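# Coordinates in review
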Amino acid sequence: GVPSSGYRMSASTRTTGGDSISSTHDTTTAAAIDHETGGNRPAVAPFIIVSAVYVLITASYGLFGAVKDIMAPDIGISMSALLNLEMTAGFISAFSVIPAGLLISRFSPGRLAWLSTLVFCVGLGMMVFSVNMTFFSVSRVIIAVGGAIAIPLLGQVGRDTFSTRTFVMATAMVFVVGR
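Report on the accompanying structure. Sequence order sets the numbering: in each chain, residues are counted from 1 along the sequence as written. Two thresholds apply to this predicted model, a pLDDT of at least 70 for residue-level local features and 80 or more for giving and counting side-chain atom pairs, whereas whole-chain, interface and lining totals are computed over all residues. The side-chain figures draw on all heavy atoms in the structure; neither hydrogens nor water molecules are used.

Let us look at the overall build of the protein. Across its full length, the protein holds 6 helices and 2 strands. Relative accessible area decides the class of each residue, using a 1.4 Å probe on protein chains only: under 20% of the type maximum gives buried, over 50% gives exposed, and in between gives partly exposed. A total of 179 residues make up the protein; the buried ones form 34% of that total. Each accessible area is a Shrake-Rupley result for a 1.4 Å probe, and residues are judged covered by the shown protein chains and nothing else. For the protein, the accessible area works out to roughly 10600 Å², and carbon and sulfur atoms hold 67% of it. Comment: elements are numbered from the N terminus, with helices defined as DSSP H or I runs of at least four residues and strands as E runs of at least two.

Structure representation (C-alpha cells):
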C-alpha cells in the first residue's frame, strides 16, 4: 500500500495503517510533495517576480518605440543612427543570453533576478540622462545585458516551479504579455 502521509523513505520498512512498505531507494509520496510545497499548489512567487522583471524589461522596448522621434534630436543623431543603435543592442542582448544562461547554473535565481533588475535600471537611468551618442550607446548596451539575464532566468524558475505542461503555458503567457 501507499502511506497516507510521510516524507522521503530510504532503505527501511515503514508501517502505516496496517500496510507495510519496504524500500531500497528514495520514494517521495504525494503527501510529502504537498507538505513541501504548502499544499497542492507550487510556490509561484519566484516565477511571478521574474515574470514581472521580464515584462518590465520588454515594456521598455515598447517605450523606446514610442519616444524615438523625440529622442533622436535630443541626443543629436539621425533617426537611422538611432534605429541602427537599437538593432545593435538587440544583437548584444541575443549574444548575452548564453553567458547569462551559464550564470544561472552558478548563482541563485533570486540573486540573478536582483542583478537583472539592477543592471536594467542602471541602464535605463543612464538612457534618461544621456546627452550624446556615446552615453546613449553605453546605456543601451547595459539595458540589453540586463534584459538578457532575465530570459534564461525566467525559463529556469518556471522549470523549477511548474510541471512541463504548466511551465509551457505559463511562460507562453509571460512572453505574450511581455511582447
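All right, on to helix 3 (residues 79–104) then. Helix length check: helix 3, at 26 residues, gives a terminal C-alpha distance of 37 Å against a target of 38 Å (1.5 Å per residue), a fit within 8%. Bend is the name given here to the angle between axes fitted to two runs of seven residues, the run ending at a residue and the run starting at it. The largest bend in helix 3 comes to about 35°, at V97, with the proline P99 one to four residues further on. Considered for burial, the residues of helix 3 that qualify are L82, L85, E86, A89, S93, S96, A100 and I104. Considering only its buried residues, helix 3 is in contact with helix 2 (45–75), helix 4 (109–128) and helix 5 (133–161). Expected span of a helix: the number of residues minus one, times 1.5 Å. We call two residues contacting when some pair of their heavy atoms lies within 4.5 Å.

The next subject is the pattern of salt bridges. Put simply, a salt bridge is a Lys or Arg side-chain nitrogen that is within 4 Å of an Asp or Glu carboxyl oxygen. Enumeration over the complete set of coordinates arrives at 2 salt bridges. Between R140 and E86 there is a salt bridge, with its nearest N and O atoms 2.5 Å apart. Of the two residues, R140 sits in helix 5 while E86 sits in helix 3, which places them 54 residues apart along the sequence. Across the salt bridge formed by R159 and D160, the nearest N and O atoms sit 3.1 Å from each other. Side by side, R159 and D160 carry an identical accessibility label, which is exposed.

Now for the layout of surface pockets. Put plainly, a pocket is an open set of points on a 1 Å grid over the protein atoms alone with protein on both sides within 12 Å along at least five of seven lines, a cavity is a set where a 1.4 Å probe fits but cannot get out, and a lining residue has an atom within 4 Å of a point. Grid points are joined across faces, edges and corners, and a volume is the space filled by probe spheres set on the points. Taken as a whole, the largest pocket spans an internal volume of roughly 210 Å³. As for the largest pocket, its lining consists of L63, F64, V67, M71, D74, I75, L124, M127, V128, S130, V131 and F136. Among the elements of the structure, helix 2 and helix 4 are those that each provide at least two residues to the lining of the largest pocket. With 6 residues, helix 2 is the single largest residue contributor to the lining of the largest pocket.

Each patch is built from residues lacking any salt bridge and having more than 30% relative accessible area; the joining distance is 9 Å for like charges and 5 Å for nonpolar side chains (Val, Leu, Ile, Met, Phe, Trp, Tyr). Together, M87, F91 and F95 give the surface a local cluster of nonpolar side chains, amounting to about 370 Å² of exposed area. One can find F91 in helix 3.

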